[in-house]
Amino acid sequence: MIRFAAVRLLQAIPVLFGVITITFILIHSAPGGPFSADKAVPPEVLIALEEKYDLNLPLWQQYFGYLEDFISGDFGPSFKYPGRNVSELIASAFPTTAELALYSMIVAIGIGLFAGVVAAMRPNSVQDYAPMSLAMIGICMPSFLLGPLLVLIFGIYLEWLPISGWNSLPGDKILPAITLGTGYAAYIARLTRGGMLDILSQDYIRTARAKGLSEIVIVCKHGLRGGLIPVVAFLGPAFAGMLGGSFVVETIFNIPGLGRFYVQAAFNRDYTMILGTTIFFAALIVSFNLISDILAMWMNPKLRQKDLGDEK
Amino acid sequence: METKSKSMSEKDYSEENSSLWKDAWTRLSNNKLALLGLVTLVFFCIIAFLAPWIAPYGYEEQNLILGASPPSYQHLLGTDIFGRDMLTRIIYGGRVSLLVGFIATSVALVIGVSWGAVAGYAGGKLDAFMMRLVDILYALPFMIFIILLMVVFGKNLLLLFFAIGAVEWLTMARIVRGQVMTLKKQEFIEAAHSMGLPKQIIIVRHIVPNAIGPIIVYATLTVPNVMLLEAFLSFLGLGIQPPESSWGLLINYGVETMEEYPWLLIFPGLALTITLFALNFLGDGLRDALDPKTSKD
């Protein structure tokens, strides 16, 4: 277990390094720079600016300079917001995105687990088909369609919920969380159903039934533990997907999160901001993947054993 | 079902291929939802292909006096704010959406299959290196990566194919590698080896065809992902650019005016959702038919 975690942690280093390198090459091979989009800056000023931010140096020197700063924990100053550095900007916008992702995750796990377990308890019956058909709709309905439709129905026609904003009106977090969470709820429902069907046909479940345990104890105590493994393994990627999806949801609902910030930075060629945000997202995704893999492994006795025996 | 196809291959090797496909077809045609998906998809593709002859109005034909009108007998799906026929716009938009879906998937398919096959077959250090690279790319927050690509290099269609393909090949590479690693230990590959066949021929002629089931299945399930991605980018204003149009772009326009003219959002949304439905059902059906082992239920 610990060995597995340590190996994975070490593997994360080249991953992050790769992310930095690819992003760096990408943004610097783009036409235009952070100061070229502005209203014509006098050439002297441009030179001074480039000197200030080391943009006049050869690319490889900039690259190693950035790496050096990065290792000492400095993401550098933002080009577009003078006087503020990237870490500050990320720290100010990220909590909103994190909160959105958290609520969406609650929606996704809550609905997904419930629907999946209900479906697995009576396979190939109405109790199975109804939630699974809904799940299919959830998968096929992109968030940028679902969001506006929800706004149209609950915000404009019924006037039950606010249609945009964040932290300004009561209930303004409900629609964004549902919009972002639904697709993942659908995936989780399918994974839960699959996992539970696998487990519920095992011998030890039959033993539990023979012992006369109630169906609820069998499903919740004995079934879920094994049946949830694929779901737990999915949570890491789901989280990554939610960060990406937050771009759209933040745009639809006018939420001041990191996603919108990022798109803006990319348009502005704000090199340090792009790099900083990309690395930040990548680090988050890598750690969440790691956590969900470790959890999934810890929950599966077979894999735990294999890890001990297999010393490759 | 699994044992059936196995015993068949033991009985008569030369017929294994065709009977495996026949077998798969029987299973697929028993799956009503998958068939419905297939029919819907073919129908949409034909309409998209024949767009210039089928569309009731011209693509750019405006009727400013009419403006945005709800569905009527003349305009089955209504018109947009410039008085352009929505049905026509959706048919032409579907052309782009479907095209992006299939081409970008093909890009992903070619990269993923060759990458996975080489890595799985070579094994050892090369395999470790190649899969490490895949892991690194996996960890890239790909949405960010694509947004970056589109913003930085301008928004052209070719780049869109490349960008989406560049992201979607990773899972394909992993699947193919896994398949190849099991296949290469089998006797018929050993036999090919002992006959002195060169590696490339073994990979192309013997290994890839035997891994084709999961490849087809996964490719079918990639198309809806790709179409979603294109729609997502177009929605952010980073994908297809006007005057071209795609379902994602139409949805984007629809959102802007949904309070007054909800049909401008609902119909392109329906078109996209139905297509994704069809593809997913077909993909699930194909998985059950071609690859009973990995089938979830």
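Calculation rules
- Residues numbered from 1 in each chain as written.
- Chains lettered and ligands numbered in written order.
- Predicted model: local features only at pLDDT ≥ 70, side-chain atom pairs only at ≥ 80, totals over all residues.
- Helix = DSSP H or I, 4+ residues; strand = E, 2+ residues; numbered from the N terminus.
- Contact = placed C-beta atoms within 7 Å.
- Buried ≥ 20, exposed ≤ 12 C-beta atoms within 10 Å, placed from the backbone.
- Core = buried A, V, L, I, M, F, W, Y, C linked by C-beta atoms within 7 Å.
- pLDDT = per-residue confidence, 0-100.
- Axes fitted to C-alpha atoms, helices over the stretch in contact; angles between N-to-C directions.
- Parallel < 35°, antiparallel > 145°, perpendicular 65-115°, else oblique.
- Left-handed = near helix turned anticlockwise from the far one by under 90°.
- Expected span 1.5 Å × (residues − 1).
- Bend = angle between axes of the 7 residues up to and from the residue.
- Nonpolar A, V, L, I, M, F, W, Y, C, P; charged D, E, K, R; others polar.

Let us look at the overall build of chain A. Assigned secondary structure in chain A consists of 13 helices and 0 strands. N-terminal to C-terminal, the α/β element order of chain A is α-α-α-α-α-α-α-α-α-α-α-α-α. In chain A, the share of contacts with a sequence separation of at least 24, taken over all contacts with a separation of at least 6, comes to 76%.

Quick look at the overall build of chain B now. Helix and strand counts for chain B stand at 13 helices and 0 strands. Each helix and strand of chain B, placed in order from N terminus to C terminus, yields the pattern α-α-α-α-α-α-α-α-α-α-α-α-α. Scored against the burial criterion, the 297 residues of chain B give a buried share of 46%. Considering only contacts within chain B whose residues lie at least 6 apart along the sequence, 68% involve residues at least 24 apart.

A word on the environment of A:Ser201. Residues and elements named next belong to chain A. Within the secondary structure layout, Ser201 lies in the loop between α7 (174–200) and α8 (203–210). A residue is classified by how many C-beta atoms lie within 10 Å of it, and Ser201, with 10 of them, is exposed. In sequence terms Ser201 and Gly223 are 22 residues apart; their C-alpha atoms lie 9.8 Å from each other.

With 36 residues of chain A at the contact, the number on the chain B side is 31 residues. Those elements that provide at least two residues to the side of chain A that touches chain B are α1 (2–28), α5 (126–140), α6 (143–157), α7, α10 (229–253), α11 (258–268) and α12 (271–299) of chain A. With 7 residues, the single largest contributor to the side of chain A that touches chain B is α1(A).

This part is about unusual backbone geometry. With the exception of glycine, most residues fall at negative phi, and the peptide bonds are largely trans. All names here are of chain A. Its identity as a non-glycine residue notwithstanding, Asn254 has a phi of 60°, on the positive side. Tracing the sequence through the fold places Asn254 in the loop between α10 and α11. The exposure class assigned to Asn254 is partly exposed, which follows from the 14 C-beta atoms found within 10 Å.

With that settled, the discussion passes to the nonpolar core. A:Ile188, B:Ile146, B:Ile147, B:Phe232 and B:Ile251 are the most contacted members of the largest nonpolar core, which has 164 residues in total. If we skip the residues at most four places from it in the chain, B:Phe232 touches A:Pro142, A:Phe144, A:Val248 and B:Gly248.

Our next topic: the confidence of the model for chain A. Model confidence for chain A is summarised by a mean pLDDT of 79, while 88% of its residues fall at 70 or above. Confidence drops under a pLDDT of 50 for residues 307–312 of chain A, and excluding neighbours within four residues, the segment shows 2 contacts in the predicted structure.

Residues and elements named next belong to chain B. Following both chains from N to C, one finds helix α3 (residues 32–49) and helix α13 (residues 263–290) inclined at 135°, their axes separated by 7 Å at the closest point. In this view, α3 runs oblique relative to α13, as classed from their interaxial angle. Crossing angle aside, the handedness with which α3 passes α13 is left-handed. On α13, the residues that touch Leu33, Ala34, Leu36, Gly37, Leu38, Thr40, Leu41 and Phe44 of α3 are Ile274, Thr275, Ala278, Leu279, Phe281, Leu282, Asp284, Gly285 and Leu286.

Let us look at helix α4 (residues 86–121) of chain A. Here α4(A) is 36 residues long and its end C-alpha atoms lie 50 Å apart, about the 52 Å a rise of 1.5 Å per residue gives. At A:Phe94, α4(A) shows its strongest bend, of approximately 35°, with the proline A:Pro95 following within four residues.

All names here are of chain A. At their nearest, the axes of α4 and α11 sit 7 Å apart, and the two run at 135° to each other. If you check the angle between α4 and α11, you find them oblique. Across the interface between the two elements, Leu89, Ile90, Ala93, Phe94 and Thr97 of α4 pack against Leu258, Gly259 and Phe261 of α11. Here the residues of the contact of α4 with α11 sort into 6 nonpolar, 2 polar and no charged.

Residues and elements named next belong to chain A. Tracing the backbone shows Val86 in helix α4. Taking the C-alpha atoms as reference points, Val86 and Ala233, separated by 147 residues in sequence, lie 32 Å from one another. For Val86, the contacting residues outside a window of four places in its chain are Phe75, Gly76, Ser78, Thr272, Met273 and Gly276.

All names here are of chain B. Across chain B, the average pLDDT comes to 78, with 88% of residues at or above 70. In this model residues 1–15 is a low-confidence stretch, pLDDT under 50, and it forms 8 contacts with partners more than four residues away in sequence or in other chains. This complex was scored by the predictor with a pTM of 0.77 and an ipTM of 0.72.

Right, let's get into the environment of B:Gly254. Residues and elements named next belong to chain B. Mapped onto the elements of the fold, Gly254 is located in helix α12 (residues 247–256). C-alpha of Gly254 to C-alpha of Leu265: the two residues are 11 residues apart in sequence and 4.0 Å apart in space. If we skip the residues at most four places from it in the chain, Gly254 touches Leu264, Leu265 and Pro268.

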